[in-house]
Amino acid sequence: MNVIETDNLTKYYDRLCAVDAISLSVGHEIFGLLGPNGSGKTTTMRMLTTLLRPDAGDAWISGHHVVNEAREVRNRLSYVPQEMAVDINLTGRENVALFAHLYGVENVKDRVDEMLGLMLLSQRADDLVKTYSGGMRRRLELAQALVHEPEVLFLDEPTIGLDVAARKNIWEHITALRDKGMTIFVNTHYMDEADRACDRVGIIDRGRLIAVDTPGNLKDRIQDDVITVRVSGKFDGRIDADVRYMGQVDDELMFTAGKGSEAVPRLAEALTGKGMKVHAISVREATLDDVFLRLVTSKTDEEGRFDGHGFRLMLRRR
Amino acid sequence: MKRLVYYLQRDLTRWLRRKIAVISALITPAAWLIFVGLTLPTTFTDNYLDFITPGILVMSMLGTSLQGGSLLMFDKILGFLNKFLALPAPRETILFGKILFITIRGLIQTTVILILAFLLGASMYDPLTLMATYIILFLFGVLFSSLSTTLALQLDDHDSYAAVNAMVSMPLFFTSTALMPYNVMPAWLRVIAHLNPVSYAIDAIRMLGTDIIPWANLLGLAVAAVIVLLICIRRFRRVTV
């Protein structure tokens, strides 16, 4: 059995199905669960960390069942929620010592020193946390989470609200932990960060897991270039050019083509021929964003609804 | 049990470092002692300060206990509760730590008020009376901090919680025997005062002064505290599973 296993894990909020029969297997790796806000990432993580009881299905952490053996499960994991919950009127050292005591760690003093050192906080350990930057607070939370040497680390949006340097730094720490043999399960909606740092990612949308693979393999599913066209006028979805229509977000149409730059002139002609005005065209290689858009759109074709606005919001948050 | 102490220590340190919160918690009861205890022209007693001190002690405990529910609420809103719930320690420890902290914080405040009352001229309590006073205040604190914590878990919204607190705290105080004994009350108030749990605690402390051990009041407060605490535990388990 793998470190994290789920079998048809399901959670309802009243009649809304927040998590819909997710089956996953995660080993010693950084696994990223990607999806827009409200897609079920946090609910999934709360079930895995024993904070929510699943309505159906099962999950195991290191072979222990999350409902029947909750105590065993909690002994093996650490959970860092997305709200930065550190006591600002305590010092960094006091914050970490609290968790060391609560976990019942032996040699609290040494262990706390070690964790503060690992997270590069030794110099500021005796300052009140209210003087810490966002990145330092996040590292302090990692120090708290690591104090009992967990087998699995659950991080919900670990880089939210941090500047570019601090984000990079947090991911470096996460990668170093993976190299030491820890399993790390991350929720994020930052596709570019997941692309760089995660060994595998799962894409979740409206509670359903729609793809699980390495970022490289997912991007290979879109071998083509992505062409984005800003237009005015209504587009009916049919195009007489050697491109594939992916979807529309606000006034931007997205297409894919084998050789993007060569397809552009015909595409522009065809759109103009349909009576639309083309304002701008750009060509780039596929990213995880495009993978997400395609997976969600192709599903949406069956169901006939796609929240383009929500997706755009998600992209803007970067 | 050890873990309960660590939760308690966290809250105590946080509270004591916010000096303004500590000071403000003492100002209101001190004002009552000075501006009411020393000035009110009463006819039913020669030493109104002696009479009102138990009332002010219980009032401080009531105020701080009723506010205390917001502690768990903020831990929940700010994400601390989820971190604590993901720890292997028994989850009820979180709740017991809170209720104990609220009660101990109240006892620290009442100690300062008691010292102030003695300095202002109230008659000193003998050691036995002092100890029994602390037991009564402790039971009263557990009763009302469990009540406010249950309320906070139930309402799950700080504005509604603060509104309910404001609504109940004043009437509870003024319909008790804090300011006057039963025999000078209007008949309708006397009935309410007899039903008010705040009176039980105040009467109990006053009885100690007349060398009566208030067994019935002690038992009543203990039973009430246990019942409300059990309801609170149940509510906590429902919210946190």
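Here, the structure is the one placed above.
All values derive from a computational prediction rather than experimental measurement.

(A) Structural context of the overall build of chain B. Secondary structure assignment for chain B yields 10 helices and zero strands. Taken along its principal axes, the extent of the C-alpha atoms in chain B is 60 × 35 × 35 Å. Burial statistics for chain B: of 241 residues in total, 51% are counted as buried. Restricting to contacts in chain B with at least 6 residues of sequence separation, those with at least 24 account for 77%. Taken as a whole, chain B presents about 11200 Å² of accessible surface, with 72% of it coming from carbon and sulfur.

(B) Region of interest: the packing of helix α2 (residues 19-37) of chain B against helix α5 (residues 92-120) of chain B. Residue and element names in this part refer to chain B. Packing of α2 against α5 leaves a shortest axis separation of 10 Å and a crossing angle of 30°. In terms of axis orientation, α2 runs roughly parallel to α5. Crossing angle aside, the handedness with which α2 passes α5 is right-handed. Residues Ala-25, Leu-26, Pro-29, Ala-30, Leu-33 and Ile-34 of α2 lie in contact with α5, whose contacting residues are Gln-109, Val-112, Ile-113, Leu-116, Ala-117 and Leu-120.

(C) Broad picture of a nonpolar patch on the surface. Residues and elements named next belong to chain B. Judged by side-chain polarity, Trp-188, Val-191, Ile-192 and Leu-195 come together as a nonpolar surface patch covering roughly 460 Å² of accessible area. Among the secondary structure elements, Val-191 is positioned in helix α8 (residues 187-195). Judged by relative accessible area, Val-191 falls into the exposed class, the value being 52%.

(D) View of the interface of chain B and chain A. Taken together, the contacts link 23 residues of chain B with 29 residues of chain A. Together chain B and chain A conceal approximately 2400 Å² of surface at their shared face, both sides included; 60% is due to carbon and sulfur atoms. It is B:Arg17, B:Lys83 and B:Pro88 that lose the most area in chain B upon contact with chain A, and together they represent 28% of the buried surface on that side. Between chain B and chain A we count four salt bridges in total. As a salt-bridge pair, B:Arg10 and A:Asp87 come within 2.7 Å of each other at their nearest N and O atoms.

(E) Quick look at the side chain of A:Arg111. Residue and element names in this part refer to chain A. Counting through the fold element by element, Arg-111 comes out in helix α4 (residues 108-118). The buried category is assigned to Arg-111, whose relative accessible area is 12%. A polar atom in the side chain of Arg-111 sits 3.2 Å from the backbone oxygen of Leu-146. Non-local contacts of Arg-111, meaning those with residues more than four positions away in its chain, are made with Val-105, Glu-106, Leu-146, Val-147 and Glu-149.

(F) Representation of the layout of surface pockets in the model. All names here are of chain B. Estimated volume of the largest pocket: approximately 1100 Å³. Thr-64, Gln-67, Gly-68, Ser-70 and Arg-105 are, among the 40 residues lining the largest pocket, the residues nearest its centre. Among the elements of the structure, α1 (2-17), α2, α3 (48-77), α5 and α7 (158-174) are those that each provide at least two residues to the lining of the largest pocket. Per-element accounting of the lining of the largest pocket gives the leading share, 12 residues, to α3. Within the lining of the largest pocket, the residues separate by chemical class into 21 nonpolar, 13 polar and six charged. As a volume, the second largest pocket reaches approximately 390 Å³. Along the walls of the second largest pocket sit 20 residues, with Asp-50, Tyr-125, Arg-206, Gly-209 and Thr-210 positioned nearest its centre.

Reading the values: rules and limits
Residues numbered from 1 in each chain as written. Chains lettered and ligands numbered in written order. Predicted model: local features only at pLDDT ≥ 70, side-chain atom pairs only at ≥ 80, totals over all residues. Heavy atoms only, no water. Helix = DSSP H or I, 4+ residues; strand = E, 2+ residues; numbered from the N terminus. Buried < 20%, exposed > 50% of the residue type's maximum accessible area, 1.4 Å probe, protein only. Contact = heavy atoms within 4.5 Å. Areas by Shrake-Rupley, 256 points an atom, 1.4 Å probe, with all protein chains shown as cover. Axes fitted to C-alpha atoms, helices over the stretch in contact; angles between N-to-C directions. Parallel < 35°, antiparallel > 145°, perpendicular 65-115°, else oblique. Left-handed = near helix turned anticlockwise from the far one by under 90°. Patch = residues over 30% accessible without salt bridge, like charges linked within 9 Å, V, L, I, M, F, W, Y side chains within 5 Å. Salt bridge = Lys/Arg side-chain N within 4 Å of Asp/Glu carboxyl O. Buried area = accessible area lost by both parts, 1.4 Å probe. Polar contact = N/O pair within 3.5 Å; in protein donor to acceptor, adjacent residues only side chain to side chain. 1 Å grid on protein atoms, 1.4 Å probe; cavity = no way out; pocket = protein on both sides within 12 Å on 5 of 7 lines; lining within 4 Å. Points joined across faces, edges and corners; volume = space filled by probe spheres on them. Nonpolar A, V, L, I, M, F, W, Y, C, P; charged D, E, K, R; others polar.

Functional significance is not addressed by these values, which are geometric in nature.
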